[in-house]
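Breakdown of the fold
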Amino acid sequence: MAQQENKLDRETFSCPICLDLLKDPVTTSCGHSYCMNCIQNFWDGEDEKRIHSCPQCRQTFIPRPVLKKNTMLAALVEELKKTGLQAAPADHCYAGPEDVACDVCTGRKLKALKSCLVCLASYCEKHLQPHYDVAPLKKHKLVEPSKKLQENICSRHDEVMKMFCRTDQQCICYLCSVDEHKGHDTVSAAAERTERQRELEVSRQNIQQRIQDREKDVKELQQEVEAINGSADKAVEDSEKIFTELIRLMEKRRSDVKQQVRSQQETEVSRVKELQEKLEQEITELKRKDAELKKLSHTEDHNQFLHNYPSLSRLSQSTDSSSINIRPLRYFEDVTAAVSELRDKLQDVLRDQRTNISLTDTEVHVSLSGPEPGPKTRAEFLKYSRELTLDPNTAHTRLLLSEGNRKVTLMKQRQSYSSHPDRFTVHHQVLSRESLTGRCYWEVEWRGGGGVYVAVTYKNISRAGWSNECVFGYNDKSWRLYCDTNSYDFYYNKVSTPVSGPQSSRVGVYLDHSAGILSFYSVSETMTLLHRVQTTFTQPLYAGLHIYYDSSAELCEVK
């Protein structure tokens, strides 16, 4: 009855808009009461219509009423609050489908605040209070709200499972321990929890230690990144300064050569012009003399002719022709030759320095004394030997892999390989499982009359179809040496290069990835270089084999 009166009081003194107890209550002329803020906000939404209404009876008011606090109603609400009347719980306080509900609440249940492992029930804040106030209940174990409390009840005996069977590794009740678990190693659940808790703490310590170790590693790696970036930035800055100085020196040398050539040009032109003027003066004098002699030759007076001839017949001294040294188009050929020689030497130096900077997995090496010499003898090559195996996921279905996936043979019948996106679908090719970086050396032993391709390739070479993008040596992603019983041929990007060398059934391959060097050798009692490639590799490489009919190839175990 008291609950019904409380409910009636709560509804009577609640705002019809916010459904909570009235705050600063006001009453409209139609007799309905609201919180002042609630009705003001409601009417604010009606201002544009210039007609304001009661949310309950819809009576309209023109103009908008000016409401004042209903002091009598406000005092009555405050007095009722003192008698225990409280606002109804908000919707978010009630238990939803995903929440743990209070087991004591009737009607619409509130969310549980705690669950009791002794009572095996969950309680809202109000119904939980006895566990804080009543002495026997204070000893109960309270935990966060849980929907799995019934899992603590033995399905066989309907008792709380407070025991743990170490033999069967499961929680049991007391009756289980003297029934089907009789004779087993049983302890209290609390004791087992204590033991497991110690193990858990040890595990956590190990995890935390590993976290600290990994964080230390990450920090060291970050420091290494910063060191690499700092070193690279300094190297770029220093090299820019050096190249700028070299360019300045070249510019100065160019200016000096130009100035010397122009100065010599001026001297030579002046000399030639001076000689040219003398010759032109001599020509003029000779023409004048020739005209006088011509005139004298037509004189009919013999005495006059004889009188004038001696003076006219005498010629001035002629310019020495030996002083005229004509070298058409060759005056400055020696300068051009010298500059050309300088250019060629500089190009050779720059070309030789291309591989001075080599990147490895751990550090950057910069050599200013030229590229590090590669191995010369087979023993030196074997220092870089790699034990390679073939990847079955890349093998064409007619290729049989054997000898621990080191040998490949072309078969007439297809093999039972599973479908895989890395598999070559048309060409009889297979790749190594291992990637190749740094310095690597391996050898291939081949047999049969069909011949084989010994190749290296990037992993992203195409696999499906007949296109050249799938064939070793027919694209810019792979390099191959074709070997048969009579000859060798090297292929890259569809360009064939004939290769000469002693025939051998064993081919050695040497790769210096960072230096961009790929070499193929004929291996017998000695090693003979067949072909060498100098390029820039942008990705890790993989060894590849392409097999023709009646042929096989094996990645050798070199020692």
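Residues numbered from 1 in each chain as written. Predicted model: local features only at pLDDT ≥ 70, side-chain atom pairs only at ≥ 80, totals over all residues. Heavy atoms only, no water.

Secondary structure summary: the protein contains 10 helices and 25 strands in total. A total of 559 residues make up the protein; the buried ones form 28% of that total. Long-range contacts, defined here as pairs at least 24 residues apart, represent 52% of the contacts in the protein between residues at least 6 apart. Summed over all atoms, the accessible surface of the protein reaches about 37100 Å², with 52% contributed by carbon and sulfur. (Helix = DSSP H or I, 4+ residues; strand = E, 2+ residues; numbered from the N terminus. Buried < 20%, exposed > 50% of the residue type's maximum accessible area, 1.4 Å probe, protein only. Contact = heavy atoms within 4.5 Å. Areas by Shrake-Rupley, 256 points an atom, 1.4 Å probe, with all protein chains shown as cover.)

Considering all chains together, one arrives at 24 salt bridges under this definition. Close ionic contact of E445 with R447 constitutes a salt bridge, the shortest N to O distance being 2.8 Å. Each member of the salt-bridge network shares a partner with another, and the members are R378, E443, E445, R447 and R506. (Salt bridge = Lys/Arg side-chain N within 4 Å of Asp/Glu carboxyl O.)

Each pair of aromatic rings is reported with the distance of its centres and the angle of its planes. Counting across every chain of the model gives 15 aromatic pairs. Between F381 and Y441 the ring centres are 5.2 Å apart and the planes differ by 40 degrees, which places this aromatic pair in the tilted class. Here F381, found in helix α10 (residues 378–382), pairs with Y441, found in strand β16 (residues 439–448); they are 60 residues apart in sequence, far enough to count as distant. There is no split in this pair, since F381 and Y441 are both buried. With a centroid separation of 6.0 Å and an interplanar angle of 55 degrees, the aromatic rings of F490 and F520 are classed as tilted. Taken together, the residues span a long stretch of sequence, with F490 in strand β19 (residues 488–492) and F520 in strand β22 (residues 517–523) at a distance of 30 residues. For F490, a relative accessible area of 5% gives the class buried. The exposure class of F520 is buried, given its relative accessible area of 0%. One aromatic cluster is present, built from ring pairs that chain together F381, Y384, Y441, Y510 and Y521. (Phe/Tyr/Trp six-rings, centres within 6.5 Å; stacked < 30°, edge-to-face > 60°.)

On to the sheet that holds strand β20 (residues 495–499). Pairing is antiparallel across the open sheet formed by 6 strands, whose spatial order is β15-β24-β17-β18-β19-β20. Whereas interior strands pair on both sides, the edge strands pair on one side only; in this sheet they are β15 (429–436) and β20. Within this sheet the neighbouring strands show an average axis-to-axis angle of 20 degrees, counted without direction. By the bridge criterion, 7 bridges tie strand β17 (residues 452–458) to strand β24 (residues 541–547) in an arrangement that is antiparallel. Bridge pairing in β24 places Y453 opposite H546. (Pairing = 2+ DSSP bridges. Axes fitted to C-alpha atoms, helices over the stretch in contact; angles between N-to-C directions.)

On the surface, I242, F243, L246, I247 and L249 cluster together to form a nonpolar patch covering roughly 480 Å² of accessible area. Assessed through its relative accessible area of 42%, L246 is described here as partly exposed. (Patch = residues over 30% accessible without salt bridge, like charges linked within 9 Å, V, L, I, M, F, W, Y side chains within 5 Å.)

This brings us to the sheet that holds strand β6 (residues 121–123). Spatially, β6-β5-β7 is the arrangement adopted by the 3 strands of the open sheet, whose pairing is antiparallel. Two strands close off the open sheet at either side, each with one partner strand: β6 and β7 (142–143). Strand direction decides the pairing type here: strand β5 (residues 114–116) and β6, joined by 3 bridges, are antiparallel. Paired with K114 across the strands is Y123, a residue of β6.

So, about the environment of L76. Within the secondary structure layout, L76 lies in helix α3 (residues 71–82). On the accessibility criterion, L76 (40% relative accessible area) is partly exposed. Along the chain, L76 and F13 lie 63 residues apart, while their C-alpha atoms are 9.0 Å from each other.

Turning next to unusual backbone geometry. Cis geometry is adopted by the peptide bond preceding P63, which originates at I62 and carries an omega value of -5 degrees. A positive phi is found at D24, a non-glycine position, where the angle reads about 50 degrees. Summarising the element assignment, D24 is placed in the loop between α1 (2–12) and β1 (25–27). Unlike most non-glycine residues, N405 shows phi in positive territory, near 60 degrees. Secondary-structure assignment places N405 in the loop between β13 (399–402) and β14 (407–410). When its relative accessible area of 23% is taken as the criterion, N405 is described as partly exposed.

A separate point is the nonpolar core. Counting residues in hydrophobic clusters, the biggest one holds 37 residues, and the most contacted among them are V408, W442, W479, L481, L518 and L545. The residues touching V408, leaving out its near neighbours within four places in the chain, are L390, L399, L400, L401, V430, L545, I547, S552 and A553. Listed in part, the 16 residues of the second largest apolar core include L21, L22, W43 and V77. (Core = buried A, V, L, I, M, F, W, Y, C linked by side-chain atoms within 4.5 Å.)

The side chains of a regular strand alternate, residue by residue, between the two faces of the sheet. Counting buried residues in β24 gives 7 out of 7 residues, a clear majority hidden from the surface. Residues of β24 alternate between two faces, with L541, A543, L545 and I547 on one and Y542, G544 and H546 on the opposite face, all of them buried. Looking at chain direction, β15 and β24 are connected through 5 bridges and run antiparallel. Across the sheet, the residue bridging to V430 is L545, located in β24.

Our focus in this paragraph is the confidence of the model for the protein. In the predicted model, the protein carries a mean pLDDT of 84, and the fraction of residues at 70 or more is 90%. Confidence scores differ between elements of the protein, with strand β12 (residues 364–366) showing the lowest mean pLDDT of 37 and β24 the highest of 96. Below a pLDDT of 50 lies the segment residues 1–8, which in the model reaches 1 contact outside its immediate sequence neighbourhood of four places, other chains included. (pLDDT = per-residue confidence, 0-100.)

So, on to the environment of E557. Take E557: it is sitting in the segment after β25 (551–555). With 170 residues separating them in the primary sequence, E557 and E387 have C-alpha atoms 6.5 Å apart.

With that out of the way, let us pick up the side chain of H52. Mapped onto the elements, H52 comes out in strand β3 (residues 52–53). Residues contacting H52, with those up to four places away along its chain left out, are W43, E46, D47, Q59, T60, F61 and R64.

The next thing to look at is the side chain of S115. By the element assignment, S115 lies in strand β5. On the basis of relative accessibility, which here comes to 0%, the residue S115 falls in the buried class. Among the polar contacts made by the side chain of S115, one reaches the side chain of S122 at a distance of 2.7 Å. Excluding residues that lie within four positions of it along the chain, S115 makes contacts with A121, S122, K141, L142, V143, E144, P145, S146 and L149. (Polar contact = N/O pair within 3.5 Å; in protein donor to acceptor, adjacent residues only side chain to side chain.)

Moving on to the state of the cysteines. The full count for this structure, using the stated rule, is 0 disulfides. With no disulfide of its own, C116 lies 3.5 Å from the sulfur of C119, the closest cysteine sulfur. (Disulfide = S-S within 2.5 Å.)

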